[in-house]
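Architecture and fold: a report
Residues per chain, in single letters:
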Amino acid sequence: MAALFGDPALPDGICSLNCSTEEHAVNDLIGRSFAGTPTTDPEFSVDWCLGPGLADRGSPLRAEAAAFFLSFSAARFTVRQHGYWTRGLTLAVRGDDGQLQAVCVCRKLSRAERFVDLVSESISYHYQLMSSIVCDRIPKLFTDDALKAQSIVVERRADVAMGQLRTMHHDHADKPHWYVGILAVDPQHQGKGLGAKLCRAVSAMADKDGLPCYLECSGPRNRAIYTHLGYGEVECYKFVDPAGDGEPYEELYAMVRPAST
């Protein structure tokens with residue numbers, strides 16, 4: 001098996017980012033992408049997490065909150081693995097002006113998470129939280145008392161989402177694999193094939209290693225896109241708000257791309 005770490009040779013037009021210097025740009029792009037806009041769809045499981053109080057896709061609070069919460073997931077992929085401070089890969093496509101247009105946070109893993117991983121995840125969480133405080137990146141959602149009720153819903157639903165995603169990962173990727181953790185395209189550049197380009201780059205690395213790829217996605221449209229890229233749905237899950245607030249989200253898919261033979 002190839003070494004777990006070290007930047008691979010990448011296709012033209014794709015680079016590997018140093019997240020210590022471009023962390024904020026990466027997180028902001030992910031937030032914009034997953035929150036959606038009045039003219040582009042959100043990532044629907046994140047849309048559910050944001051709750052009915054943040055349903056307005058024109059509100060800047062959505063992207064700000066999404067960037068904040070997803071920054072913890074990005075940090076989890078890029079700063080630790082099974083109790084050791086290492087890193088995954090953040091692949092990106094840039095425009096001619098040097099601005100990020102799409103990113104993919106991915107990682108080569110030996111198995112799904114265990115207890116020791118959750119200990120390291122707690123360390124990563126507190127590190128990211130302190131970084132957000134120091135850099136003044138705590139969303140208004142959590143600093144404005146008028147938004148307290150909305151923040152409670154978002155926090156509660158985010159906890160549900162993280163637990164369910166961990167369950168999905170353990171159920172279907174508890175063996176060596178490449179994990180596509182976050183794939184995001186800036187709303188201004190969606191529909192240009194950039195996400196597919198990044199996804200194929202991860203698939204090529206997995207094929208070189210003889211490993212499957214695993215990811216979660218939401219909604220039939222995204223499922224169809226990943227099916228076209230060689231993934232197959234292995235199980236459908238749902239998010240349920242424990243407070244009984246609103247409808248559950250029932251179109252969350254665990255997907256696996258088999259190892260190349």
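Higher on the page you've got the structure.
Values in this document were obtained by computation on a predicted structure and should not be read as measured data. (Residues numbered from 1 in each chain as written. Predicted model: local features only at pLDDT ≥ 70, side-chain atom pairs only at ≥ 80, totals over all residues. Heavy atoms only, no water.)

**Quick look at the pattern of salt bridges**
In this structure the tally under the stated criterion is ten salt bridges. In this structure, Asp41 engages Arg57 in a salt bridge whose closest nitrogen and oxygen atoms are separated by 3.6 Å. Of this pair, Asp41 sits in the loop between α1 (19-35) and α2 (44-50) while Arg57 sits in the loop between α2 and α3 (60-79), placing them 16 residues apart in sequence. Residue class for Arg57 comes out partly exposed when judged on its relative accessible area of 28%. Among the salt bridges present, the one from Arg157 reaches Asp241, with a minimum N-O distance of 2.9 Å. One end of the pair, Arg157, is in helix α5 (residues 148-172); the other, Asp241, is in the loop between β6 (232-239) and β7 (249-257), and 84 residues separate them in sequence. Among the charged side chains, a salt-bridge network with shared partners connects Arg156, Arg157, Asp241 and Asp245. (Salt bridge = Lys/Arg side-chain N within 4 Å of Asp/Glu carboxyl O. Helix = DSSP H or I, 4+ residues; strand = E, 2+ residues; numbered from the N terminus. Buried < 20%, exposed > 50% of the residue type's maximum accessible area, 1.4 Å probe, protein only.)

**Points about the sheet that holds strand β1 (residues 15-16)**
A sheet is described by the order of its strands in space; here seven strands give the open sequence β1-β2-β3-β4-β5-β7-β6, paired in mixed fashion. Each of the sheet's edge strands pairs with one partner strand only, and the pair in question is β1 and β6. With six bridges connecting them, β6 and β7 associate as antiparallel partners. By the bridge assignment for β7, Glu235 is matched with Ala254. Docked against the sheet, α5 engages β3 (100-109), β4 (177-185), β5 (213-218), β6 and β7, running at close to 155 degrees with respect to β6. Together, β2 (89-94), β3, β4, β5 and β7 form the strand contacts of helix α6 (residues 194-209), whose direction differs from that of β4 by roughly 170 degrees. (Pairing = 2+ DSSP bridges. Contact = heavy atoms within 4.5 Å. Axes fitted to C-alpha atoms, helices over the stretch in contact; angles between N-to-C directions.)

**Here we look at the packing of aromatic side chains**
Tallied over the full model, the rule gives six aromatic pairs. Here Phe68 and Phe69 contribute two aromatic rings whose centre-to-centre distance is 5.5 Å and whose plane-to-plane angle is 75 degrees, an arrangement assigned as edge-to-face. Overall, the relative accessible area of 25% leaves Phe69 in the partly exposed class. An aromatic cluster of three or more residues is present, and its members are Phe68, Phe69 and Phe142. Of note, Arg157 hangs over the ring of Trp48, and the distance from its end group to the ring centre comes to 4.4 Å. (Phe/Tyr/Trp six-rings, centres within 6.5 Å; stacked < 30°, edge-to-face > 60°. Lys NZ or Arg CZ within 6 Å of the ring centre and 35° of its normal.)

**A look at the state of the cysteines**
Put plainly, two cysteines are in a disulfide when a covalent bond ties their sulfur atoms together. Considering all chains together, one arrives at zero disulfides under this definition. No disulfide involves Cys217; its nearest neighbouring cysteine sulfur is the one of Cys236, lying 9.5 Å away. In this structure Cys217 comes out as buried when scored by relative accessible area, which is 3%. On the accessibility criterion, Cys236 (36% relative accessible area) is partly exposed. (Disulfide = S-S within 2.5 Å.)

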